[in-house]
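Secondary and tertiary structure notes
Given next are the chains, with one letter for each unit.
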Amino acid sequence: ALPSFFPTRDVLSMMLPLVFDKGAGVEAILLVELTPSGNYQGQTILTLKQCYVNARLLGPLDNTFLKASDIED
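A few points on the structure.

Concerning the overall build of the protein
Along its length, the protein carries one helix and four strands. Put simply, the protein runs from its N terminus to its C terminus through helices and strands in the order β-β-β-β-α. Looking at the protein as a whole, 26% of its 73 residues qualify as buried. Across the protein, contacts joining residues at least 24 apart in sequence account for 25% of those joining residues at least 6 apart. In the structure as shown, the protein presents an accessible area of about 5,100 Å², 53% of it carried by carbon and sulfur atoms.

Here's what the structure looks like:
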């Protein structure tokens with residue numbers, strides 16, 4: 001999982017990779033947010049490109065599922 005921050009809403013979210021076909025690699029990203037009750041709730045599903053372009057990453061991308069070379073146009 002990778003953290004992402006949305007400053008306009010002051011929300012920290014987690015990006016979770018989704019794999020639907022074994023061996024196909026990451027196909028989509030599930031964006032989840034922590035609710036006031038302490039549970040995580042799925043907010044949306046993003047493509048890898050959307051995630052890479054729109055995410056406010058809080059850490060380096062080394063050794064993660066989100067690599068520019070893996071993103072198709």
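Re the sheet that holds strand β1 (residues 2-6)
Reading across the sheet, the four strands line up as β1-β2-β3-β4 and stay open at both edges, with antiparallel pairing between neighbours. Where the open sheet ends on each side, the last strands, each with one partner, are β1 and β4 (40-46). With strand direction ignored, the average angle separating the axes of adjacent strands in the sheet is 35°. Of the pairings in the sheet, the one linking strand β2 (residues 11-18) to strand β3 (residues 28-34) comprises six bridges and is antiparallel in character. By the bridge assignment, S13 is partnered in β3 with E33.

Re unusual backbone geometry
If you check the backbone angles, D10 has positive phi at about 55° while not being a glycine. Among the structural elements, D10 can be located in the loop between β1 and β2. Residue classification places D10 among the exposed residues on the basis of a relative accessible area of 61%.

Considerations on the nonpolar core
One finds L2, M15, I29, L31, L46, L48, C51, F65, L66 and I71 forming the largest nonpolar core, which totals 10 residues. Among the secondary structure elements, those contributing two or more residues to this core are β3 and α1 (48-54).

Examining the pairing of β3
If a strand is regular, its side chains alternate between the two faces of the sheet. In terms of burial, β3 is a largely internal element, five of the seven residues being buried. In this sheet, β4 lies alongside β3 in antiparallel orientation, the contact comprising six bridges. Residue pairing across strands places E33 opposite Q41, the latter belonging to β4.

Cut-offs and rules
Residues numbered from 1 in each chain as written. Predicted model: local features only at pLDDT ≥ 70, side-chain atom pairs only at ≥ 80, totals over all residues. Heavy atoms only, no water. Helix = DSSP H or I, 4+ residues; strand = E, 2+ residues; numbered from the N terminus. Buried < 20%, exposed > 50% of the residue type's maximum accessible area, 1.4 Å probe, protein only. Contact = heavy atoms within 4.5 Å. Areas by Shrake-Rupley, 256 points an atom, 1.4 Å probe, with all protein chains shown as cover. Pairing = 2+ DSSP bridges. Axes fitted to C-alpha atoms, helices over the stretch in contact; angles between N-to-C directions. Core = buried A, V, L, I, M, F, W, Y, C linked by side-chain atoms within 4.5 Å.

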